[in-house]
Amino acid sequence: MITREAVAARILELCKEKDITMNGIANLSAIPPSTIKNIIYGVSKNPGIVTIKMICDGFNISLPEFFDSELFYDLEQEIK
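Criteria and cut-off values
- Residues numbered from 1 in each chain as written.
- Predicted model: local features only at pLDDT ≥ 70, side-chain atom pairs only at ≥ 80, totals over all residues.
- Heavy atoms only, no water.
- Salt bridge = Lys/Arg side-chain N within 4 Å of Asp/Glu carboxyl O.
- Helix = DSSP H or I, 4+ residues; strand = E, 2+ residues; numbered from the N terminus.
- Buried < 20%, exposed > 50% of the residue type's maximum accessible area, 1.4 Å probe, protein only.
- Axes fitted to C-alpha atoms, helices over the stretch in contact; angles between N-to-C directions.
- Parallel < 35°, antiparallel > 145°, perpendicular 65-115°, else oblique.
- Left-handed = near helix turned anticlockwise from the far one by under 90°.
- Contact = heavy atoms within 4.5 Å.
- Polar contact = N/O pair within 3.5 Å; in protein donor to acceptor, adjacent residues only side chain to side chain.

Asks: Hey, could you run me through the pattern of salt bridges in this one?
Replies: Pairing between side chains of opposite charge can happen when the charged atoms of each approach one another. With the rule as written, the count across this model stands at two salt bridges. In this structure, Arg-10 engages Glu-13 in a salt bridge whose closest nitrogen and oxygen atoms are separated by 2.4 Å. Placement of both Arg-10 and Glu-13 in helix H1 (residues 3-18) is noted, with a separation of three residues, approximately one turn of the helix. One salt bridge connects Lys-53 with Asp-57, and the closest N-O pair in it is separated by 2.5 Å. With Lys-53 and Asp-57 both in helix H4 (residues 49-59), this residue pair falls four residues apart, about one helical turn. Judged by relative accessible area, Lys-53 falls into the partly exposed class, the value being 36%.

What follows is the structure, encoded as structure tokens:
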């Protein structure tokens, strides 16, 4: 798995855990729903850390909590 896929999977995982829709987390994060959907569906190839932080704020978690997931433990090399 590459990083952008792990970020998308983590957002979906947190949505499921917290029973929040994609539109719901967009509203809670104060970012457009299209931004969330672009991350989830792979249109956004490199979601910025500020955007991820805003998503964390919407989930009421910290950045370390966001990245503390097995999804990020064995990521593929990004530079090939």
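Asks: How should I be thinking about the packing of helix H2 (residues 22-29) against helix H3 (residues 33-40) in this particular structure?
Replies: Each packed pair of helices is defined by two parameters, the angle between the axes and the distance between the axes. Here H2 crosses H3 at 125°, and the two axes come no closer than 8 Å. Put simply, H2 runs oblique to H3. When the axes of H2 and H3 are compared, the crossing they make is right-handed. The residues of H3 that touch H2, namely those facing Met-22, Asn-23, Ile-25 and Ala-26, are Pro-33, Ile-36, Lys-37 and Ile-40.

Asks: In this structure, what is going on with the side chain of Ser-29? I would like to understand it.
Replies: Mapped onto the secondary structure, Ser-29 falls in helix H2. Polar side-chain contacts of Ser-29 include one of 2.7 Å to the backbone oxygen of Ile-25. With near-sequence residues (within four places) excluded, Ser-29 lies in contact with Met-54, Ile-55 and Gly-58.

Asks: What is the right way to look at unusual backbone geometry in this model?
Replies: Both trends apply: most residues other than glycine have a negative phi, and most peptide bonds are in trans. Positive phi values are uncommon outside glycine, yet Ala-30 reaches one of about 60°. Relative to the helices and strands, Ala-30 resides in the loop between H2 and H3. Judged by relative accessible area, Ala-30 falls into the exposed class, the value being 62%. Phi is positive for Asn-60, close to 60°, though the residue is something other than glycine. Position of Asn-60 among the secondary structure elements: in the loop between H4 and helix H5 (63-67). We classify Asn-60 as exposed; its relative accessible area is 69%.

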